[in-house]
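# Fold and geometry: a report
Here's the letter readout for the chains.
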Amino acid sequence: MIVNLNNMSSSKLGIQGVPLLDLGRQHSPLKDQVTAALGRIWDTGAFILGPEVKQLEANVAEYCRVKHAIGCASGSDALLLALMALGIGPGDEVILPSFTFFATAGAVARLGARPVFADIDPLTFNLAPSEVQRLLRPATKAILPVHLFGQCADMDAMERIAGSAGIPIIEDCAQAIGAEFSGRRAGSMGRIGCFSFYPTKNLGGAGDGGVMTTNDDALAQKLRMLRVHGMEPRYYHKFVGINSRLDSFQAAVLNVKFPHLDRWSEARAANARRYAAMFAAAGLDGVLGLPRHVSPGRHVWNQYVIRVPNGQRDRLRAFLAEAKIGTEIYYPLGLHAQECFRHLGYTEGELPETERASREVLALPIFPELTAEEQQYVVDRIAAFFA
Ligand SMILES: *Cc1c(COP(=O)(O)O)cnc(C)c1O
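Residues numbered from 1 in each chain as written. Predicted model: local features only at pLDDT ≥ 70, side-chain atom pairs only at ≥ 80, totals over all residues. Heavy atoms only, no water.

### Points about unusual backbone geometry
This is how the line gets drawn: For helices the rule is a DSSP run of H or I covering at least 4 residues; for strands it is a run of E covering at least 2, with both sets numbered from the N terminus onward.
With an omega dihedral of -5 degrees, the bond running from Glu232 to Pro233 counts as a cis peptide bond. One can find Pro233 in the loop between α8 (217–226) and α9 (248–257). Tyr331 follows Tyr330 through a cis peptide bond whose omega is 10 degrees. In this fold, Tyr331 is placed in the loop between α11 (313–322) and α12 (352–360).

Structure follows, in structure tokens:
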């Protein structure tokens, strides 16, 4: 279908609203395949770490171009297990961005280590390499960059810093399955990559799930043990691990969805390009901060996050809610400013780009099945707000 940006008016199309995410459009064509797969597991009774989990791990390893993929119960657990496998604990520091989902820092804190919050590059919202350099100390035991919104952090710079300090990188790839940096896939660049299958991610399950990736044989073995209480063989425990098994139902759903992942991520990227053209046609590209793709490699657009300057973000969000347009704020408060981390002693103004982003960001609908008409409706309503 040809979209004429100048003549198309969404009001003529009768659109009543646009959800932030509509999983139903993605899931209804897969329903028969999913229910058949779930029915087979029901009949066999192999509910935990069954053959579907092994198949999913093989799919992920091939897709991320790594030797090993190890399923677990969530993206949060993937981060926790990765840090456990690297022996991180009390007295250790881990450098990570403040502008991310809580799990990135929660995993560090739960092990008794100190999350050291770094500011972001305002262009990409990703961990700023200069900040990692500034915060590096002898106690730093790992760097934990997040590939936020589907775009890889500057991994060349991270690797230079981590390499000279002799410490590992753990990648938080929860929002970035399939993203690339200079031809390398997210999850294949650090010692361990951590992924989430939460339903809003580019590859989402019907519940919680996660996976870890690594090229290190010994680490892979340790991660496999840690997710089952450090057990190997059965009822003999070498480490104190946790219960973080992936269930066969989740893996079966994900295996059905896997062949479509690249098509969905391409559709997200096409939607991002279309927003850019529509915002430019509406004269809004100078009013809003549009998301920039600056990393050298594939962006998978888990979120399309604009900046709304001059304190207008919350009013725009309310205006869009009245037009039944779903939006979200990722994230309204940096982790360094969270109540549970008050004892770490951060003060306001310490991470200025994180604080500015928290005031300005607004995520718009970008899901793969979003139509051009719906995007035009979103852009038209934003134009109406600024008119
Ligand atoms: C979703 C997410 C996680 C946690 O994943 P869960 O599966 O929800 O535990 C971690 N980090 C980031 C950046 C995320 O977006």
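### Quick notes on the environment of Arg274
We apply this condition: Any pair of N or O atoms that falls within 3.5 Å is considered a polar contact. Within protein, one atom must be able to donate a hydrogen and the other to accept it, and sequence-neighbouring residues count only if both atoms are side-chain atoms.
Here Arg274 lies in helix α10 (residues 261–281). Counting along the chain gives 110 residues from Arg274 to Ser164, while the straight-line C-alpha distance between them is 42 Å. Of note is the side chain of Arg274, whose polar atom sits 2.7 Å from the side chain of Gln375.

### Things to note about the packing of helix α3 (residues 51–64) against α9
The description of two helices packed together rests on the angle between their axes and the distance between the axes. Stated precisely, the cut-off is as follows: Axis geometry follows a simple rule: fit a line to the C-alpha atoms, using only the stretch in contact for helices, then measure angles between N-to-C directions, giving values from 0 to 180 degrees. These descriptions rest on fixed angle ranges, namely under 35 degrees for roughly parallel, over 145 for roughly antiparallel, 65 to 115 for roughly perpendicular, and the rest for oblique. Helix crossings get a hand from a simple test, with the near helix turned counterclockwise from the far one by less than a right angle marking a left-handed crossing and a clockwise turn marking a right-handed one. It only takes one pair of heavy atoms within 4.5 Å for two residues to be counted as in contact.
Where α3 contacts α9, the two axes come as close as 8 Å, and the packing angle between them is 45 degrees. With respect to each other, α3 and α9 are oriented oblique. For the crossing formed where α3 meets α9, the hand is left-handed. On α9, the residues touching Glu52, Val53, Gln55, Leu56 and Asn59 of α3 are Ser248, Ala251, Ala252, Leu254 and Asn255.

### Observations concerning the pattern of salt bridges
A pair can form between side chains of opposite charge whenever their charged atoms are brought close. Inclusion rule: A pair is scored as a salt bridge if a Lys or Arg side-chain nitrogen falls within 4 Å of a carboxyl oxygen belonging to Asp or Glu. Burial here depends on accessible area, computed with a 1.4 Å probe over protein chains only, as a share of the maximum for the residue type. Under 20% is buried, over 50% is exposed, and the range in between is partly exposed.
For the structure shown, the criterion picks out 20 salt bridges. Two residues, Asp156 and Arg184, come together in a salt bridge whose shortest N-O distance is 3.7 Å. Pair noted here: Asp156 is in helix α7 (residues 155–165) and Arg184 is in strand β7 (residues 184–185), with a separation of 28 residues, a long-range link. Between Arg313 and Asp314 there is a salt bridge, and its shortest N-O distance comes to 2.6 Å. According to the relative accessible area criterion, Arg313 is buried, its value standing at 6%. Owing to a relative accessible area of 49%, Asp314 belongs among the partly exposed residues under this scheme.

### Side note on the site of the ligand
The test is simple: Distances are taken per atom, and a residue is near a molecule or strand as soon as one of its heavy atoms is within 4 Å of it. The protein chains shown are the only cover counted for residues, whose accessible areas, like all others here, come from Shrake-Rupley with a 1.4 Å probe.
The local shell around the ligand holds 16 residues, among which Gly75, Ser76, Asp172, Ser196 and Lys201 are the closest. A distance of 2.5 Å separates an oxygen atom of the ligand from a polar atom in the side chain of Ser76. Within the side chain of Gln175, one N or O atom sits 2.8 Å away from an oxygen atom of the ligand. A total of 380 Å² of accessible area belongs to the ligand in isolation, and the protein chains cover 92% of it.

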